[in-house]
Amino acid sequence: MLTTAEHCPAPVPPPGSQGIDEILAAARARLDRLDPERAHLAYRTGALLVDIRPAAQRAAHGVVPGSLAVERNVLEWRFDPRCPARLPEAVDYDVPVVILCQEGYTSSLAAAALQDIGLRRATDVIGGFAAWRIAGLPALGPTPLHRAFSLASPVTAGSARH
């Protein structure tokens, strides 16, 4: 018999913890989220459009021309003006930053994290890159990932390692 989440009782959460839906709602309550058209206008008038999706996702779905690709796992280090690992664009705390992910969930959490380090104008795109594409805004790709390949078959390649 296959076990699914609906057949398993949910664990009791620790006191004081929040579920992801609560965390996401709290993050979004702090943001002036932009629909794709407003995000495009903000970008065209000087805001930094930051794509936090992993490289494979950008390759599979496409990118916004001119956006900065900064993967989520290093975002705060790249935009904290106090951090030696910051990007040249992270000049101060007033930089307008618009975060883009695939569907607009991770970007809300990321924009709130940037606000936590002092970038008060950080926000995100409602619906993410998927909504950007649907709106017909400028996008490139997708581009195929180039895989390295060997001319030797896996059988002979493996036997060469004695």
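Residues numbered from 1 in each chain as written. Predicted model: local features only at pLDDT ≥ 70, side-chain atom pairs only at ≥ 80, totals over all residues. Heavy atoms only, no water.

A. The arrangement of the packing of aromatic side chains in detail. Counting across every chain of the model gives 0 aromatic pairs. One residue, R53, lies across the ring of F129, its end atom 4.3 Å from the ring centre. (Phe/Tyr/Trp six-rings, centres within 6.5 Å; stacked < 30°, edge-to-face > 60°. Lys NZ or Arg CZ within 6 Å of the ring centre and 35° of its normal.)

B. Seen up close, the confidence of the model for the chain. For the chain, the mean per-residue pLDDT works out to 89, and 84% of the residues sit at or above 70. Taken as a whole, residues 148-162 scores under 50 in pLDDT and shows 1 contact with residues more than four places along the chain or in a different chain. (pLDDT = per-residue confidence, 0-100. Contact = heavy atoms within 4.5 Å.)

C. Representation of the pairing of strand β1 (residues 48-51). With burial as the criterion, each face of β1 is covered, one bearing L48 and V50 and the other bearing L49 and D51. The pairing of β1 with strand β3 (residues 97-100) spans 4 bridges and is parallel. Paired with L49 across the strands is V98, a residue of β3. With helix α3 (residues 55-61) bridging β1 and its parallel neighbour strand β2 (residues 68-69), the resulting β-α-β unit is right-handed. (Buried < 20%, exposed > 50% of the residue type's maximum accessible area, 1.4 Å probe, protein only. Helix = DSSP H or I, 4+ residues; strand = E, 2+ residues; numbered from the N terminus. Pairing = 2+ DSSP bridges. Right-handed = clockwise from strand over helix to strand, strands pointing away.)

D. Seen up close, the nonpolar core. Of all hydrophobic cores here, the largest spans 18 residues; its most connected members are V50, L75, F79, V97, I99 and L114. Residue assignment for this core shows that the elements contributing at least two residues are β1, α4 (75-79), β3 and α5 (106-116). No other element matches α5, which puts 3 residues into this core. If we skip the residues at most four places from it in the chain, F79 touches L48, V50, L68, V70, L87, A90, V97, L114, I117 and L119. Counting residues in each nonpolar core, the second largest holds 12 residues, with A39, V98, V125 and W132 among its members. (Core = buried A, V, L, I, M, F, W, Y, C linked by side-chain atoms within 4.5 Å.)

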